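# Structural overview for review
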Amino acid sequence: MIRTIVLAGLLCTGCLQAQSQAPEAIVEDIFETYGGMEEMNTINLSGSFFGAFQKKEKADGSDNRLTDKVKSFRMISSKEGLPNPVDKKVYNSLLASLKSNKWETLVETKDKDGQLRVFIREEPGKPTEAIVLTWGAEKFSLFELTGLFQRGDLDNLDLDMN
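In this report, the structure presented in the accompanying data block is examined. Keep in mind that this is a model prediction, so the values were computed, not measured. (Residues numbered from 1 in each chain as written. Predicted model: local features only at pLDDT ≥ 70, side-chain atom pairs only at ≥ 80, totals over all residues. Heavy atoms only, no water.)

## Here we look at the pattern of salt bridges
By the definition in use, this model includes seven salt bridges. With a shortest N-O distance of 3.9 Å, R121 and E123 are connected by a salt bridge. For E123, a relative accessible area of 29% gives the class partly exposed. Put simply, E129 and R121 hold a salt bridge, and the shortest N to O gap is 2.3 Å. A relative accessible area of 13% means that E129 is categorised as buried. Salt bridges here are not isolated pairs; linked through shared partners, they connect E24, R121, E123 and E129. (Salt bridge = Lys/Arg side-chain N within 4 Å of Asp/Glu carboxyl O. Buried < 20%, exposed > 50% of the residue type's maximum accessible area, 1.4 Å probe, protein only.)

## Digging into the packing of helix 2 (residues 23-34) against helix 5 (residues 88-100)
At their nearest, the axes of helix 2 and helix 5 sit 9 Å apart, and the two run at 155 degrees to each other. Viewed along their axes, helix 2 and helix 5 adopt a mutual orientation that is roughly antiparallel. You can see that helix 2 and helix 5 cross each other, and the crossing is left-handed. Between helix 2 and helix 5, the contacting residues are P23, I26, V27, I30 and Y34 on the first element and V90, S93, L94, S97 and L98 on the second. (Axes fitted to C-alpha atoms, helices over the stretch in contact; angles between N-to-C directions. Helix = DSSP H or I, 4+ residues; strand = E, 2+ residues; numbered from the N terminus. Parallel < 35°, antiparallel > 145°, perpendicular 65-115°, else oblique. Left-handed = near helix turned anticlockwise from the far one by under 90°. Contact = heavy atoms within 4.5 Å.)

## Overview of the pairing of strand 5 (residues 128-136)
For strand 5, the buried fraction is high: nine of the nine residues fall into the buried class. Side chains T128, A130, V132, T134 and G136 of strand 5 all project onto a buried face; the interleaved residues E129, I131, L133 and W135 project onto the opposite face, where all are buried too. Note: strand 4 (residues 114-121) against strand 5, seven bridges, orientation antiparallel. Residue pairing for strand 5: R121 is matched across the bridge by E129. The turn linking strand 4 back onto strand 5 is made up of six residues, and G125 within it adopts a positive phi angle of 80 degrees. (Pairing = 2+ DSSP bridges.)

Structure follows, in structure tokens:
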């Protein structure tokens, strides 16, 4: 009897931890779980990649570009014309976690084909993070952008979701 109670307690603790998982952990799980699938495309660009653009842009005389402020960019998306392999529960879990962990919703649109949502988290003294999500029966994409940018720097960011 005591063994059953202890096991039930451990299972419930695990359930609570899964439900309150941080958005960063869920994003990492998505990249690890779905990144190697044939149906998915992934891109991972680090600060050294953006450093090359910084040097080129400054040589051209342009300043204050978003690439000067970005520290990392990751993207995972389903390939066009194939069913979305990402479990809807995973998507919903990420949405719930973003909303409950001080991420602000900047954009939320829905149509018959799917949804687009943009989230940002800004905290003084810390890198800003932005996440763009699309979801539909035949599409999934997650863009994660981290750096020392501000919300206004995203105004000229052009993300083609088609």
